[in-house]
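Spelled out from the first residue to the last, the chains are:
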2 protein chains.
Amino acid sequence: MFSTVAVDGEVRRWEDLRLHDFAQGFFFGAGFFTTFRIDAGAPRFLARHLARLRASVAAFPSAVRAPTPEQLSATTVRDTLHRCLRTDAALGAGFTGVGKLSVSDGHVLLTLRPASPEAERHRLGGRALDAVEPGAYRRGEPTLNHKGLSYFRQYTLMERLPLLGNEAGEVCELPTANLFFLLDGALVTPPLNAPCLPGIIREVLLEAGQVDGLAVVERPVPLARLGDAAACFFTNAAVLATGVPRLLGRELPRSLSLAEQARALVEAVARREA
Amino acid sequence: MFSTVAVDGEVRRWEDLRLHDFAQGFFFGAGFFTTFRIDAGAPRFLARHLARLRASVAAFPSAVRAPTPEQLSATTVRDTLHRCLRTDAALGAGFTGVGKLSVSDGHVLLTLRPASPEAERHRLGGRALDAVEPGAYRRGEPTLNHKGLSYFRQYTLMERLPLLGNEAGEVCELPTANLFFLLDGALVTPPLNAPCLPGIIREVLLEAGQVDGLAVVERPVPLARLGDAAACFFTNAAVLATGVPRLLGRELPRSLSLAEQARALVEAVARREA
């Protein structure tokens, strides 16, 4: 993480921030965050990330103190980001990497980090998925529709990256990504009440309605059906789409090219929305 | 919360602590805490609270950076607490209230607050419980056996205080307390895999084996059986035991005296262990 950060639009040094100002976020995990890609200084899908963040804050009005609306507006955050990039020679106006907005105690904290070399490697070569946690979630569990600072369940699983299932034997998501499967001739992703996070890239693909001529649909995905999947990829805001060349021991050679096409589609939408 | 706190045994001002030193606790809820009663300067069940905290840290070695063993020893924490109390005239060596130990990023943070007037009022007059969240937890969910900084699920429910159930229709706990029911002539509390927190007062009562001649046992409690409960109380480290004079609309007049006897028993054990 870079030392240049911003709190409520003011450029600060990370080392100077006080725990006092983020107390409920620390003591109770009472807050939300979102992570977004920055390409050559341009934040990707910022308006969508902020809409989700605002919706999460609005869903828990008594538990999380909201920042001012202005601090969660795209204009303000974009301006703040650009001031951070210009302030720090290690960043620069053409910075490419990952931004993170954390909201708690009425404050908005912007932090920046380089793209993860491991994630970028997987972006090219794919990432095999060989573990499952069936029953990790339960259907309709509401806090899992929000990217909260109470992130420990997902955090402990980030290395191993198991497919998380619910009590009905259905797939939900990966600890930090949404899942798409080529099943019965369509690209299927679990519904939000599986539960899973309403990921921004997931939303963009659902809105697009197709990838490579395949319809993109929300539908419950039984773990028992994964043996029938002809391809698989996962999406998140930092890497966009990553192919799964091996799913639970089975080779899926089509996954990499499908992920590449999904990524190209998402990048085109990102350019339109920039 | 009082401004006098301690980090790793050093007395500090709350306002001076840096977010930087508790980053993984804040960003990912990667840490644990425990809350304990302090009577006239004496921390209650401190050795037990520290044993649970150490067990939680040991259970997630790659996700939470552990403090040095010395910083989680009863001798060190007791000494730190007494230095805090002597430092601050608003506290004083005879302070009565609540202590909290939060562990993240290799650090131990001690904070202090007065007893909650509302909780003390309920200690005397009881607290009715009239709401249920069936299926809030699932059986065996491991993170719920640890008091984690990822506390948002419980935090959002603290005001309403519903009974939390699992997918099998069994009672688990309250958002911040363990439950005991007088059922079939015994005092029954849900087992840890319900799941519920291994509360310190719960442990003390189970070890004692009886309250008022009633056997204390761990056993699944179906929500459907609550209509047969003849009394109910809940336990936590701050108030010890609180009677439930009305459970889901049904008056339970015996609850208050039973809670009082449980509290007297716990206080006697606390004095022996001091």
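Predicted model, so just to flag it, every value in this text is computed and none were measured.

Because the α-helix completes a turn every 3.6 residues, residues three or four places apart line up on one side. Residue and element names in this part refer to chain A. Here helix α7 (residues 255-273) contains 19 residues, and its C-alpha end-to-end distance of 27 Å stays within 8% of the 27 Å for a straight helix at 1.5 Å per residue. Taken together, the buried positions of α7 are occupied by Ser-255, Leu-258, Ala-259, Ala-262, Arg-263, Leu-265, Val-266, Val-269 and Ala-270. All buried residues of α7 project into a common sector of 165 degrees when viewed along the axis, lining one side. Those residues of α7 that are exposed and angled more than 90 degrees off the buried face are Glu-260, Arg-271 and Arg-272.

Facing 39 residues of chain B, the contacting portion of chain A comprises 39 residues. Summed over both partners, the interface of chain B with chain A comes to about 3,600 Å²; 70% of that surface belongs to carbon and sulfur atoms. Among the residues chain B hides against chain A, the three largest losses belong to Phe-26, Phe-27 and Phe-152 of chain B. Together they make up 22% of the total. Counting across the chain B and chain A interface gives 2 salt bridges. Residue Arg-153 of chain B is joined to Glu-141 of chain A by a salt bridge in which the shortest nitrogen-to-oxygen separation is 3.1 Å. Along the contact surface separating chain B from chain A lie 20 residue pairs in polar contact (both at pLDDT 80 or more). Ranked by residue count, the leading element in the side of chain B that touches chain A is helix α1 (residues 23-28) of chain B, at 6 residues. Partitioned by chemical class, the residues of the side of chain B that touches chain A number 22 nonpolar, 11 polar and 6 charged.

Further remarks concern the relation of the copies chain B and chain A. The two copies are related by a screw motion: chain B maps onto chain A through a turn of 180 degrees and a shift of 0.0 Å along the axis, at an RMSD of 0.0 Å. Here the two chains are linked by the operation of a two-fold rotation axis. Most of the interface of chain B is mirrored in chain A: 100% of its interface residues are interface residues there too.

Residue and element names in this part refer to chain A. What the domain assignment reports for chain A is domain 1 (4-113) and domain 2 (117-273). Summarising the inter-unit geometry, the C-alpha centres of domain 1 and domain 2 are found 25 Å apart. Both faces considered, domain 1 and domain 2 share a buried interface measuring about 1,900 Å² in area, 62% of it formed by carbon and sulfur atoms. The largest per-residue losses of area from domain 1 upon contact with domain 2 belong to Arg-37, Phe-45 and Arg-48, which jointly make up 39% of the total buried on that side. Taken together, the links from domain 1 to domain 2 amount to 4 salt bridges. Across the pair Glu-203 and Arg-48 runs a salt bridge whose closest N-O atoms are separated by 2.7 Å. Inspection of the region where domain 1 meets domain 2 yields 10 residue pairs in polar contact (both at pLDDT 80 or more). Among the elements of the structure, α1 (23-28), β3 (32-39), α2 (46-59) and β5 (97-104) are those that each provide at least two residues to the side of domain 1 that touches domain 2. When grouped by side-chain class, the residues that make up the side of domain 1 that touches domain 2 number 11 nonpolar, 9 polar and 4 charged.

How each quantity is defined
Residues numbered from 1 in each chain as written. Chains lettered and ligands numbered in written order. Predicted model: local features only at pLDDT ≥ 70, side-chain atom pairs only at ≥ 80, totals over all residues. Heavy atoms only, no water. Helix = DSSP H or I, 4+ residues; strand = E, 2+ residues; numbered from the N terminus. Expected span 1.5 Å × (residues − 1). Buried < 20%, exposed > 50% of the residue type's maximum accessible area, 1.4 Å probe, protein only. Arc of directions from axis to C-beta. Contact = heavy atoms within 4.5 Å. Buried area = accessible area lost by both parts, 1.4 Å probe. Salt bridge = Lys/Arg side-chain N within 4 Å of Asp/Glu carboxyl O. Polar contact = N/O pair within 3.5 Å; in protein donor to acceptor, adjacent residues only side chain to side chain. Nonpolar A, V, L, I, M, F, W, Y, C, P; charged D, E, K, R; others polar. Least-squares fit on C-alpha atoms with pLDDT ≥ 70 in both. Domains from an automatic or database assignment.

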